[in-house]
Amino acid sequence: MLTIKNLHATVEGEEILKGINLEIKAGEIHAIMGPNGSGKSTLAKIIAGHPSYEVTRGEIIYEGEDLAEMDPDERARKGVFMAFQYPVEIPGVSNSMLMRESYNEIRKEQGLDPLDPLEFEDYITEKLNLVEMDAKFLERNVNAGFSGGEKKRNEILQMAVLNPRLSLLDETDSGLDIDALRIVSEGINKLSGKENAVMLVTHYQRILNYITPDYVHVLVNGQIQKSGGKELAIKLEEHGYEWVTAKTEVNGEAK
Amino acid sequence: MTDITKETNFLDRMIDSHGPMQTGYDRVTELRRKAADDITGRDLPTTRHEEWKYCSLKKLSRESFIPAAEIAQPDLPDNIADYIYPEAEHHHLTFINGVYSEKWSKTDKLPQGVIVANLADVLDEGNPVALEHIGQYARWEDDPFVPLNTSVFRDGAFIHVPASVKIEDPIQLLFINTDEKEQYFMTPRCLVVGERSSEITVVEDHVGFGDNVYFNAPVSEIKLAENSHMTHVKLQRDSRKAYHISRLAADISRDSNYKSYAVQLGSQLSRSDVKAVLTDENTHATLDGLVMVNGDQLSDTHSIMDHTMPNCTSHQLHKCIIDDEGTSVFNGKIFVRQDAQKTDAFQENRNLQLSDSGTAYAKPQLEIFADDVSCSHGATIGQLDPDQVFYLKTRGLHESQTREILTYGFALDVIESIPVASIQERLSKEVEKFTKASNSIKQLV
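The residue numbering used here restarts from 1 in each chain and proceeds along that chain's sequence as written. All chains are assigned letters beginning with A, and all ligands numbers beginning with 1, in the order in which they are written. Totals for whole chains, interfaces and linings use all residues, but because this is a predicted model, local features are given only for residues with pLDDT of at least 70 and pairs of side-chain atoms are given and counted only at 80 or more.

Regarding the overall build of chain B
- The helix and strand inventory of chain B stands at nine helices and 22 strands.
- Note that the radius of gyration is over C-alpha atoms, with the globule rule given as 2.2 Å times the number of residues to the power 0.38. Relative to the globule expectation of 22 Å for 445 residues, the C-alpha radius of gyration of chain B, 21 Å, shows essentially globular dimensions.
- With the C-alpha coordinates of chain B rotated into their principal frame, the extents come out at 65 × 55 × 45 Å.
- Any residue with 12 or fewer other C-beta atoms within 10 Å of its own C-beta is exposed, any with 20 or more is buried, and the rest are partly exposed; the C-beta atoms used are placed from the backbone. A total of 445 residues make up chain B; the buried ones form 51% of that total. Here a helix means four or more residues in a row that DSSP labels H or I, a strand means two or more in a row labelled E, and each is numbered from the N terminus.

Right, dumping it as structure tokens:
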């Protein structure tokens, strides 16, 4: 589904990613872990198309197409979704209106008829249960006045509605209390299937108690220093990120 | 016949074109004479004049106009009824090129004693309230446009609300300006008098039907007696080649509340001078505005909020959206006179620039002579927030949808404060039209 080859990227001239290689197949969950400032959030943003970052070398191939050539909205319509670390407030637009417009854009891309507001209401009601959100959130302006936990749940609600092929979850777990973490994680689990894939960017091992990744990658200083199965996350929790940096200072090659 | 060898200035030409005005009651005749004397031989202000620094009238001064009433058979569109807001179904006055149209006006279902009528008729009949208040409030220093209107105005609206009467639904004043070959000019005049404890909403709507050049120079005067309330919505959607130079003055008495929402969408040049005088204690005034300019439009708002007595509050939120080569100007004066202790005045001017080539001028101007007051003011100029743009794009929304949603979000707090649902809907469509028309090559992100 997604193949990243030797990806280098800069922001304002400073190199943040220094040769990332990563392969994500349909049905897989990949956890990207790493210390603060390692470039893991950058990786998610670059895949989503954030304009502040410049890809200087390498490529990102999604479903056989080069993502670097596409605007962020085009990527989204082709099934790439990003749950934001800091979801943005949008005044003047209700949550349900945004999600309906988004969903209909994606339907159009797939050659399907758009849903009218009533049809959409039926559709979204079942999705609400998934993240245990009250219908009143639909009428509020996007993320306006939401608590931190509500914002994160709202991101997962959008993921449920848009039904993406590839979900980039950027520190969706950070700052959540245990209850909210459980709700969000269960939602993500229910949404993952054979046809789609998840790239979970996280600083903490905690969320992996709820979501079982197929692969764990440790990103340090713009490179994937170590890859492994879920046991890698447990080891990291025990030994800290220093353990990875100390061991693989010479050359980290991800497989 | 005009002697073309004689050089005449713009204002003289305007007044002369009308010929002698019919005489009526002394008060009106005197008012007209004085106004004409005021501006005879005077030139239009130039950009050297501080109040006109960013608003050049050079182009206007070279134009020629005939009085709009001389157009015998205006090119009337057949959908005039569509321009009546459903809320104003039972009471609206329509003016076609400044001339009162009985056919398209209706004043049903008004409470006992309320007058909603053509000002010219009311003055001819000698209505004492109209005669008492006309020309009392619209006064600006060094200003030729109120005198121009006063010297030649005929038709317009007169609204009189007796004491303790509340009119539930808004009254609409619809000014329709038709598409004609001749360049015409008109001087609509409105006078609204709310007696003690009255309550009213007035919608003043100027609509241009073509893409033609004309000159619209309306003056509105509002007098609110004690404990009365008025909401005044003005929509300026004149032809994109029109000139619109308007004056609005409100005189607000003790315990009264005046709220004005002015929306400027049309005209190549629109200049709006608004003034609220808080004449006694515990009065409240709102002068909010929403301006959208694109192409080479210029919209200039000059406001005066005049606090003269203690314990009054005022609110000004003025928002401008600028695309293409558009220009917005805002000059907001707040006076807090020596007696006006405990004044609470708020002013904010926010400008959203959608293109690289638009211009916004903002000038808050506070003159405070009392020592126990709270006055806040701020002016900002900015672009759409890149984080919001990126967020919406990652949700699959196209550039144009993103621009529209965020522009609407910017304008929303002004739109939402307008208490007429169909105007809110109208404005959301106007925002959509505005953002769709964008020629701006600037990519959002």
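Digging into the overall build of chain A
- Scanning chain A from terminus to terminus reveals nine helices and 12 strands.
- Computed over the C-alpha atoms, the radius of gyration of chain A is 18 Å, within 12% of the 18 Å expected from 2.2 N^0.38 for a compact globule of 255 residues.
- Dimensions of chain A along its principal axes, counting C-alpha atoms only, are 60 × 40 × 35 Å.
- Burial status across chain A gives 45% buried among its 255 residues.
- Taking contacts inside chain A between residues at least 6 apart in sequence as the whole, the part at least 24 apart equals 72%. We call two residues in contact whenever the C-beta atoms placed from their backbones are within 7 Å.

Looking at unusual backbone geometry
- Non-glycine residue Asn143(A) carries a positive phi angle of around 60 degrees.
- For Asn143(A), the position within the fold is in the loop between strand E8 (141–142) and helix H6 (148–162).
- At Asp255(B), a residue that is not glycine, the phi angle is positive and equals roughly 60 degrees.

Quick look at the packing of helix H4 (residues 117–130) of chain A against H6(A)
All names here are of chain A.
- Between H4 and H6, the least distance of the axes is 9 Å, while the angle of their chain directions is 135 degrees. With respect to H6, the axis of H4 lies oblique. Considering the relative orientation of H4 and H6, their crossing is right-handed. Contact residues: H4 offers Ile124, Lys127, Leu128 and Leu130, while H6 offers Leu157, Ala160 and Val161.
- When residues are grouped by polarity, Ala, Val, Leu, Ile, Met, Phe, Trp, Tyr, Cys and Pro land in nonpolar, Asp, Glu, Lys and Arg in charged, and all others, Gly among them, in polar. Split by residue class, the contact of H4 with H6 holds six nonpolar, no polar and one charged. Axes here refer to lines fitted to C-alpha atoms; in helices the fit is confined to the stretch in contact. Angles between the N-to-C directions go from 0 to 180 degrees. Oblique is the label for every angle not falling under 35 degrees (roughly parallel), over 145 degrees (roughly antiparallel), or within 65 to 115 degrees (roughly perpendicular). Note: crossing handedness is left-handed where the near helix turns anticlockwise from the far helix by less than a right angle, and right-handed where it turns clockwise.

Thoughts on the interface of chain A and chain B
- Taken together, the 21 residues of chain A in the interface contact 17 residues of chain B.
- Sorting the residues of the side of chain A that touches chain B by element identifies helix H2 (72–77), strand E7 (90–94) and helix H3 (95–109) of chain A as the ones contributing at least two each.
- The class makeup of the residues in the side of chain A that touches chain B is 12 nonpolar, four polar and five charged.

Brief notes about the sheet that holds strand E6 (residues 80–83) of chain A
All names here are of chain A.
- Spatially, the six strands line up as an open sheet ordered E6-E9-E10-E3-E11-E12, and their pairing is mixed. Looking at which strands have only one partner, the edges of the open sheet turn out to be E6 and strand E12 (223–228). Taken over all neighbouring pairs, the strand axes of this sheet differ in orientation by 20 degrees on average, direction set aside.
- Bridging between strand E9 (residues 166–170) and strand E10 (residues 197–202) involves five bridges; their strand directions are parallel. Within E10, the position partnered with leucine 169 by the bridge is leucine 200. Here a strand pair is declared whenever DSSP counts at least two bridges between the two strands.

Concerning the confidence of the model for chain A
Residue and element names in this part refer to chain A.
- Per-residue pLDDT for chain A has a mean of 91; in total, 96% of the residues score no lower than 70.
- Mean pLDDT across the elements of chain A bottoms out in helix H9 (residues 242–247) (72) and peaks in E6 (97).
- pLDDT measures how confident the predictor is about each residue, on a scale from 0 to 100. The model gives residues 249–255 a pLDDT under 50, and that stretch makes 10 contacts with residues more than four places away or in other chains.

Points about the environment of Asn104(A)
Residue and element names in this part refer to chain A.
- Mapped onto the elements, asparagine 104 comes out in helix H3.
- In this structure asparagine 104 comes out as partly exposed when scored by C-beta crowding, with 17 C-beta atoms within 10 Å.
- In sequence terms asparagine 104 and leucine 17 are 87 residues apart; their C-alpha atoms lie 34 Å from each other.

Structural notes on the sheet that holds strand E5 (residues 65–66) of chain A
Residue and element names in this part refer to chain A.
- One open sheet holds the four strands; their spatial order is E2-E1-E4-E5, and the pairing between them is antiparallel. Each end of this open sheet is capped by a strand with a single partner; those strands are strand E2 (14–24) and E5.
- Pairing of strand E4 (residues 53–62) with E5 involves two bridges; the strand directions are antiparallel. Looking at the pairing, tyrosine 62 lines up with glutamate 65 of E5.
- Helix-sheet contacts for helix H1 (residues 40–48) involve strand E1 (2–11), E2 and E4, and the interaxial angle to E4 is about 70 degrees.

Things to note about the environment of Lys436(B)
- Checked against the element boundaries, Lys436(B) lands in helix H9 (residues 421–436).
- Taking the number of C-beta atoms within 10 Å as the measure of exposure, Lys436(B) has 10 and is therefore exposed.

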